[in-house]
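Single-letter residue listing:
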Amino acid sequence: MGHARSTRTYGAPRITAELHDEGVRINHKRVARIMRTIGLEGLRLRRQHRITLEDPTAEGAGSGRP
């Protein structure tokens, strides 16, 4: 199956697309359910968002007012 060949990064949407390309008619929810049943899960490769950190040496926004 595609999951093992993809170094275990493929999740249900990609597996479903691969099966569709091979002519198999199957719903993504069924693929997800089967993957859960046999203990497969894809990697989450989303980019992490950086947050703004406070700079303790910076002057405040209101420091120039009387």
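Right, let's walk through the structure included here. Because the structure is a prediction, the values reported are computed rather than measured.

1. With respect to helix 2 (residues 12-21)
Those residues of helix 2 that fall on the buried side of the exposure criterion are Ala12, Ile15, Thr16, Glu18 and Leu19. Taken down its axis, helix 2 places every buried residue within 160 degrees of arc, on the same side. Turned more than 90 degrees from where helix 2 packs its buried face, Pro13 and Asp21 sit exposed. Once helix 2 ends, the next one or two residues include Gly23, with phi positive near 90 degrees.

2. Looking at the packing of helix 2 against helix 3 (residues 28-38)
Interhelical geometry of helix 2 versus helix 3 gives an angle of 120 degrees and a closest axis separation of 9 Å. Accordingly, the angle class assigned to the pair helix 2 and helix 3 is oblique. Where helix 2 crosses over helix 3, the handedness of that crossing is right-handed. Each of Ala12, Ile15, Thr16 and Leu19 in helix 2 lies in contact with helix 3, whose residues at this interface are His28, Val31, Ala32 and Met35. By residue class, the composition of the contact of helix 2 with helix 3 is six nonpolar, two polar and no charged.

Here is what the cut-offs are and how they apply
- Residues numbered from 1 in each chain as written.
- Predicted model: local features only at pLDDT ≥ 70, side-chain atom pairs only at ≥ 80, totals over all residues.
- Heavy atoms only, no water.
- Buried < 20%, exposed > 50% of the residue type's maximum accessible area, 1.4 Å probe, protein only.
- Helix = DSSP H or I, 4+ residues; strand = E, 2+ residues; numbered from the N terminus.
- Arc of directions from axis to C-beta.
- Axes fitted to C-alpha atoms, helices over the stretch in contact; angles between N-to-C directions.
- Parallel < 35°, antiparallel > 145°, perpendicular 65-115°, else oblique.
- Left-handed = near helix turned anticlockwise from the far one by under 90°.
- Contact = heavy atoms within 4.5 Å.
- Nonpolar A, V, L, I, M, F, W, Y, C, P; charged D, E, K, R; others polar.

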